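Architecture and fold: a report
The chain contents come next:
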Amino acid sequence: METETNAISFVKLGSLSWEATEEDIKTFLDGCKIGEVIITKNERGQSSGNAFVCLESKADVQKAKSYNRKYLGKRWVTVDEIGEDECNKETEKERAIAKATKKYRAYGTTVKMGQSKLAYSGI
């Protein structure tokens, strides 16, 4: 059974540059044990400036929060702890796209989602 300190936890990063990548976020959250990064998109398929990160423990959340208002590139980033329900709600669209893309890849078909790249590490 997971203890409270070892429970999977979530943070939301806000005010990200539209060019920020999953690798940029992993580098930014140096020292945090990251399970997944999802960068959300707007209705035009462009980055919304938000990302949701699944962390391995509450200790990782505390470490991630120490990066609040630090710079990633030319912009400072907000880091806020969120619950699993909020993370799931906010990333529902990206998860559905990733699932559909994975399904089509299984059939050997390439699916293009407009001009945007799918920023989902769970594939």
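Refer to the preceding data block for the structure.
Rules used in this analysis
- Residues numbered from 1 in each chain as written.
- Predicted model: local features only at pLDDT ≥ 70, side-chain atom pairs only at ≥ 80, totals over all residues.
- Heavy atoms only, no water.
- Buried < 20%, exposed > 50% of the residue type's maximum accessible area, 1.4 Å probe, protein only.
- Helix = DSSP H or I, 4+ residues; strand = E, 2+ residues; numbered from the N terminus.
- Arc of directions from axis to C-beta.
- Contact = heavy atoms within 4.5 Å.
- Polar contact = N/O pair within 3.5 Å; in protein donor to acceptor, adjacent residues only side chain to side chain.
- Salt bridge = Lys/Arg side-chain N within 4 Å of Asp/Glu carboxyl O.
- Phe/Tyr/Trp six-rings, centres within 6.5 Å; stacked < 30°, edge-to-face > 60°.

Listing the buried residues of helix α2 (residues 58-65) in full gives Asp60, Val61 and Ala64. Down the axis, α2 shows its buried residues gathered within 105 degrees of arc, on one side only. Its buried side turned inward, α2 meets β1 (9-14), β3 (47-55) and β5 (75-82). A side-chain oxygen of the first residue of α2 lies 3.3 Å from the backbone nitrogen of Ala59; this N-cap is Ser57.

Turning our eyes to something else, we now look at the pattern of salt bridges. Using the criterion set out here, one finds four salt bridges in the structure. Of the charged contacts, one joins Glu22 and Lys26 as a salt bridge, the two residues approaching to 3.0 Å between their closest N and O atoms. Taken together, the residues span about one helical turn, with Glu22 and Lys26 both in helix α1 (residues 22-28) at a distance of four residues. Across the pair Glu81 and Lys65 runs a salt bridge whose closest N-O atoms are separated by 3.9 Å.

As enumerated under the stated definition, the model contains one aromatic pair in all. With a centroid separation of 5.5 Å and 50 degrees between ring planes, the pair formed by Phe28 and Tyr67 is classed as tilted. One end of the pair, Phe28, is in helix α1; the other, Tyr67, is in the loop between α2 and β4 (70-72), and 39 residues separate them in sequence. Like Tyr67, Phe28 is buried.

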